[in-house]
Amino acid sequence: MHRTATTCLTLAFAALTAIPIAAAPASAATAAAKPPNVRACFDGKCKITITKAVRFRISSRYGFTRLSIARVGSGMVKVRGTGPGVSSTVVLGSGGRGTINNLSVRVSSVTQKSATIRLAPR
């Protein structure tokens, strides 16, 4: 009971004197952005939202083995497929559609902080 009364008095004093009380630390989930699940894109079928450039492996059936996605310029997304002796790039804005070899790329949205891209076999 004594501890509860002391805590209540301390909080009341802090409120009256405007002394800041340290807030509980934010959870790890809200403190750091969750990275996109690039493994789900290996087969070329996924919807991915990025906040920074990503690079990941992709099935060689598309004619390349790595795919990189990055926001570039104002409201644009660059998708580049690379592999042994091959490189193909498409740059699209929000709502844009394009292809890299047999991979269809659709940019759902681009903001100042993120971009959402849908990949699908062609």
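For clarity, every value in this text was computed on a predicted model and none was experimentally measured. All chains use their own residue numbering, which begins from 1 and follows the written sequence. Under the rules for a predicted model, residues below a pLDDT of 70 receive no local features and side-chain atom pairs below 80 are neither given nor counted, while totals for whole chains, interfaces and linings still include all residues. In computing side-chain properties, one takes all heavy atoms of the structure into account and sets aside hydrogens as well as water.

1. A word on the pairing of strand β6 (residues 97-100)
The cut-offs for exposure are 20% and 50% of the maximum accessible area for each residue type, with area from a 1.4 Å probe on protein chains only; residues under the lower value are buried, those over the upper are exposed, and the others partly exposed. Here a helix means four or more residues in a row that DSSP labels H or I, a strand means two or more in a row labelled E, and each is numbered from the N terminus. Residues G98 and I100 point to one face of β6 and are all buried, whereas R97 and T99, pointing to the other face, are not buried. Strand pairing is assigned whenever DSSP detects at least two bridges linking the two strands. A loop of two residues connects β6 with strand β7 (residues 103-110), the two strands running antiparallel in sequence, and N101 in this loop sits at a positive phi of about 55°.

2. Considerations on the sheet that holds β6
The antiparallel open sheet is built from four strands, whose spatial order is β1-β8-β7-β6. Looking at which strands have only one partner, the edges of the open sheet turn out to be β1 (46-50) and β6. Sheet twist, expressed as the average angle between the axes of neighbouring strands with direction ignored, equals 25°. Judged from the seven bridges that link them, β7 and strand β8 (residues 115-121) form a sheet pairing that is antiparallel. What counts as an axis is a line fitted to C-alpha atoms, over the stretch in contact for a helix, and the angles between N-to-C directions run from 0 to 180 degrees.

3. Here's the deal with the sheet that holds strand β3 (residues 66-72)
Reading across from one edge, β2-β3-β4-β5 is the order of the four strands in this open sheet, with antiparallel pairing throughout. Where the open sheet ends on each side, the last strands, each with one partner, are β2 (54-57) and β5 (86-93). Neighbour-to-neighbour, the strand axes of this sheet turn through a mean angle of 15°, independent of strand direction. Note that β3 and strand β4 (residues 76-83) share seven bridges and pair antiparallel. Opposite A70, over in β4, you have K78 as the bridge partner.

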